[in-house]
Amino acid sequence: MKHIKTFAIVLALAAAPAAFAAESMDGMDMKPAGHAKQAPSPVAADIQKIDLQAGKVTLKHAAIENLGMPAMTMAFPVKDRASLKNFKEGESVSVMFDKVGGKPTVVDIQRK
C-alpha cells in the first residue's frame, strides 16, 4: 500500500508542471514573433502643405492602421513626387501609406 501512495504522489508531482503550462497557455496570443504585415488601406487626410522640391506633403490624417500610427499632422515623403503637382493645400484626399526604405511614405493619393 505504501508503494501505491508513493507512486501516486510521484505521478501527481510529475504531471503538475504540464498542467500549469497548459493553463498558462490558454490565455496567450499565439502569433508568431514577427507581426504579420497589415495591408495598406485608404486613410482620410487633409493636405496642409505641399513641398514639391522636397517631394513631401504635410497631412492631417486619420489613424494609419498598417503602420500603427494614431491620427496626427505630419510631413511624409511621396513615392511619386510628380503626383503632388495635381493637388493643392486645403484639399481633402484619400491616401495609402506604406514603409519605403523603412520610412512611412505616401504610396498613393487620390481626391475624395
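Residues numbered from 1 in each chain as written. Predicted model: local features only at pLDDT ≥ 70, side-chain atom pairs only at ≥ 80, totals over all residues. Heavy atoms only, no water.

An unreviewed UniProt entry lists the chain under the name Copper-binding protein, with Ralstonia insidiosa given as the organism.

Novice: Whenever I open this one, the overall build of the chain confuses me. Can you help?
Specialist: On a plain count of helices and strands, the chain comes out with one helix and five strands. From first element to last, N terminus to C terminus, the chain shows the α and β order α-β-β-β-β-β. Within the chain, counting contacts between residues at least 6 apart in sequence, those at least 24 apart form 47% of the total. Carbon and sulfur atoms make up 60% of the accessible area of the chain, which totals about 8100 Å². (Helix = DSSP H or I, 4+ residues; strand = E, 2+ residues; numbered from the N terminus. Contact = heavy atoms within 4.5 Å. Areas by Shrake-Rupley, 256 points an atom, 1.4 Å probe, with all protein chains shown as cover.)

Novice: I keep staring at the packing of aromatic side chains and nothing clicks. Help me out?
Specialist: The description of an aromatic ring pair rests on the distance of the ring centres and on the angle between the ring planes. Counted under the stated rule, the structure contains one aromatic pair. For the ring pair Phe76 and Phe97, a centre distance of 4.8 Å and an interplane angle of 55° mean the geometry is tilted. Note that Phe76 is positioned in strand β3 (residues 72-77) and Phe97 in strand β4 (residues 92-100), a separation of 21 residues in sequence. Take Phe76 and Phe97: they sit in the same class, and that class is buried. (Phe/Tyr/Trp six-rings, centres within 6.5 Å; stacked < 30°, edge-to-face > 60°. Buried < 20%, exposed > 50% of the residue type's maximum accessible area, 1.4 Å probe, protein only.)

Novice: What is the right way to look at the confidence of the model for the chain in this model?
Specialist: Detail in the predicted coordinates should be disregarded across regions flagged by low pLDDT. This prediction gives the chain a mean pLDDT of 83; 67% of its residues lie at or above 70. Segment residues 24-33: pLDDT under 50, and one contact once partners within four positions in sequence are set aside and those in other chains are kept. (pLDDT = per-residue confidence, 0-100.)

Novice: Please clarify how the pattern of salt bridges should be interpreted in this entry.
Specialist: Where side chains of opposite charge bring their charged atoms close, a pairing between them can arise. Counted by the stated rule, this structure contains one salt bridge. For the salt bridge of Arg111 with Glu91, the shortest nitrogen-to-oxygen distance reads 2.6 Å. One end of the pair, Arg111, is in strand β5 (residues 103-111); the other, Glu91, is in the loop between β3 and β4, with 20 residues separating them in the sequence. You can call Glu91 buried: its relative accessible area is 14%. (Salt bridge = Lys/Arg side-chain N within 4 Å of Asp/Glu carboxyl O.)

Novice: What am I meant to see in the sheet that holds β5 here?
Specialist: What links the strands of a sheet is backbone hydrogen bonding, and the strands pair in either a parallel or an antiparallel sense. Strand order across the open sheet formed by five strands is β3-β2-β1-β4-β5, with antiparallel pairing between neighbours. Each having just a single partner strand, β3 and β5 make up the two edges of the open sheet. On average, adjacent strands in this sheet sit at an angle of 45° to one another, irrespective of strand direction. Bridging between β4 and β5 involves eight bridges; their strand directions are antiparallel. The residue bridging Val95 from the neighbouring strand is Ile109, located in β5. (Pairing = 2+ DSSP bridges. Axes fitted to C-alpha atoms, helices over the stretch in contact; angles between N-to-C directions.)

Novice: Help me out: how do you make sense of the environment of His61 in this one?
Specialist: Along the polypeptide, His61 turns up in strand β2 (residues 56-61). Taking relative accessible area as the criterion, His61 reaches 4% and is therefore assigned buried.

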